[in-house]
Each structure stands twice: as structure tokens, then as C-alpha cells.
Amino acid sequence: METQSKGVIFDIKKYALHDGPGIRTTVFLKGCPLNCWWCHNPEGQNPEPERIWSNQNTQKEIIGREVSVEEVIAEIEKDLIFYDESGGGVTFSGGEPLMQHDFLDHLLTACQTRELSTTLDTCGYSSWEIIEKIKDKVDLFLYDLKMIDDKNHQKYTGVSVLPILSNLKRLEGENIIIRFPVIPGITDTEENVNQLVDWLSKLETIKEINLLPFHKIGYSKYLKLNRENVLLDLNPPSPERLNQLLDTFRGLGFITKLGG
Ligand code: SF4
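Residues numbered from 1 in each chain as written. Predicted model: local features only at pLDDT ≥ 70, side-chain atom pairs only at ≥ 80, totals over all residues. Heavy atoms only, no water.

Engineer: It is not clear to me how the pairing of strand 9 (residues 176-182) should be interpreted in this structure. Could you clarify?
Structural biologist: On any regular strand, side chains alternate: one points to one face of the sheet, the next to the other face. Burial analysis of strand 9 places seven of its seven residues in the buried class, which makes it a mostly covered element. Burial of strand 9 is two-sided: the residues Ile176, Ile178, Phe180 and Val182 facing one way and the residues Ile177, Arg179 and Pro181 facing the other way are all buried. Pairing geometry for strand 8 (residues 140-144) and strand 9, over four bridges, is parallel. Each residue of the ladder has a partner; that of Phe141, found in strand 9, is Ile176. Across five bridges, the pairing between strand 9 and strand 10 (residues 208-213) is parallel. Residue Ile178 lies in a different strand from strand 10, and its bridge partner there is Ile209. With respect to chirality, the unit in which strand 9 leads through helix 7 (residues 190-201) into the neighbouring parallel strand 10 is right-handed. (Buried < 20%, exposed > 50% of the residue type's maximum accessible area, 1.4 Å probe, protein only. Helix = DSSP H or I, 4+ residues; strand = E, 2+ residues; numbered from the N terminus. Pairing = 2+ DSSP bridges. Right-handed = clockwise from strand over helix to strand, strands pointing away.)

Take a look at the structure:
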């Protein structure tokens, strides 16, 4: 018997190639304390299962379901052969997985017992006590860093950046890749990029950044959720701008990639 711990997930993605090394299974835990203007997984924000309109806008479907650790692990174990051959494993994403930290802790322990590689995709907004509890069971952190200015962070995400920065500092020494969402005029401003560069340069052990360009792929989800999308008219960053950012971070010695 694994554990009776249960949690709410809204998706399990197989053969994921951009959520950490190798071929992975990504488990999306529901619930996020942030409300980013550009969120492309808005169905992951509410911690509870919810009814949304289906594609045809004629009937409703439920997003999110309660599952046990055993059920999730059974799904993960179906793809062991791919993890072995590709150096892959399991990624926990969301939403923000740390919001269901007990459930996450049980899942990580179950993975560790099976010697499965684990990645945690996190926005870092949590108490240090929670992060400290799980950090030794995580092989790689994909750590979102959106903006440094606290007022702007509060405006565009709904929460302070201070615990995110503090937790990142305390995690130094762990295996961490920074993920920077490139949102034109919001995170991608000269001021924010300079502050980000300045801040990251002071960290000694973090050497890799992934740039995540703004895109419109999740737009239909806002319609289904009957929610306003405030960035409806925003265009993705140009290839020239992305190349500039790649050059900037590479020039500072960071391994820098587009996407995960
Ligand atoms: S942290 Fe991620 S999941 Fe949460 S609101 Fe922001 S973009 Fe969406």
C-alpha cells in the first residue's frame, strides 16, 4: 500500500520533451496562488475541480479530478522504458505544485523509492519550510522568475516577489534552471531585464536560463472558463528580440535556451 494521500490534478501529459531532460511524464497539480496576466494554464489556478464550457460551448465538462498517489504512480510507471532510454523521468507542474505540498511530498517519495528522476516546475511562491521539506527529493528545479520589482510583480501576478527571491537564494547549490517568461512590455522591458541580469549575476551556482516566449495558444481556455483575457491583443516577441535576449544572457555566461 503506497499511501492514502490524495490530491487534485488537471492533466497528465505523456512524452513531454520540454519539461526537463529526456522524455518525461508531466503531472499537472491544480491550484496556484498567482494570477499572472499571461497565464496559459488558467484552468490550473483554481485548486478545486471546476465546470467549464466544452469546445462547442454547448455543454460543460469538469476540469480537475481527485486522484491518489497510487493512481498517479501507476500512470507514471507505464512509461518506464522511455525514461530509461532517454534519461527522462517525471515532472510535477501546475498550477503551482507546492500548493498541494503534502500530496507532492508523497508523490516525490514514491518516485524516489523507484529511483525515478524528478523535476519540479515551480513559481517559488511558498514558505521556505515547505520547500525545505521536499527539496532533497527533487533532482531538478525549473524555477520561474518573472520580474524583480515588487510593485510590478504584485500588479501582474497578484503576489509579492520577495518570498520567491528569498527562496531562490536559499535554494542555491541545488540543480536549478531559471525560466523567464518573455512578455513584451511586462517582463520584457529594459528595466526588468537589467534587474534580472543584475540579480542573477549575484548567484554563484545558477548557470542556465530558459526563455519562454509569450504565445496565444491558451486563449480558448479563457473563453471556456468565461474569464477575461487581458492580454488578448498582445503580440508574441519578435525573433529579433528573442535573439537579442539570448545574446544578452549568453554574453553573461549563462547557458540559455528558448523554451524548456
Ligand atoms: S505561476 Fe504559472 S500557473 Fe500560476 S498563474 Fe502564473 S503562469 Fe499561471
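After presenting the structure, the write-up continues.
Engineer: When you look at the nonpolar core in this model, what are you seeing that I'm missing?
Structural biologist: As a rule of thumb, nonpolar side chains are buried together in soluble globular proteins. Residues Val27, Phe92, Leu145, Leu168, Ile178, Leu200 and Phe249 are the most contacted members of the largest nonpolar core, which totals 53 residues. No other element matches the six residues that helix 3 (residues 101-113) contributes to this core. Excluding residues within four positions of it along the chain, Leu168 makes contact with Tyr143, Leu145, Ile176, Ile178, Trp199, Leu203 and Ile206. Core analysis: the next-biggest nonpolar cluster, separate from the first, contains 15 residues, Val159, Ile183, Ile186 and Tyr222 among them. (Core = buried A, V, L, I, M, F, W, Y, C linked by side-chain atoms within 4.5 Å. Contact = heavy atoms within 4.5 Å.)

Engineer: Help me understand helix 9 (residues 239-251), please; the structure alone is not making it clear to me.
Structural biologist: Because the α-helix completes a turn every 3.6 residues, residues three or four places apart line up on one side. In this model, helix 9 (13 residues) spans 18 Å end to end at C-alpha, consistent with the 18 Å of a helix rising 1.5 Å per residue. Against strand 9, helix 7, strand 10 and strand 11 (255-258) lie the buried residues of helix 9. Positive phi appears at Gly253, one or two residues downstream of helix 9, with a value of about 95°. (Expected span 1.5 Å × (residues − 1).)

Engineer: What's the story with the environment of Pro239 in this structure? I'm lost.
Structural biologist: Checked against the element boundaries, Pro239 lands in helix 9. Along the chain, Pro239 and Pro213 lie 26 residues apart, while their C-alpha atoms are 9.8 Å from each other.

Engineer: Would you mind showing me how to read the pattern of salt bridges here?
Structural biologist: Pairing between side chains of opposite charge can happen when their charged atoms approach one another. Summed over all chains, the structure comprises 16 salt bridges. The closest approach of N and O atoms between Lys135 and Glu174, which form a salt bridge, is 3.7 Å. You can see Lys135 sitting in the loop between helix 4 (128-134) and strand 8 and its partner Glu174 sitting in the loop between helix 6 (162-170) and strand 9, a full 39 residues away along the chain. With a relative accessible area of 23%, Glu174 lands in the partly exposed category. Here the residues in one salt-bridge network are Lys14, Glu75, Lys78 and Asp79, joined through shared partners. (Salt bridge = Lys/Arg side-chain N within 4 Å of Asp/Glu carboxyl O.)

Without other data, these values stay purely geometric and don't point to any function.
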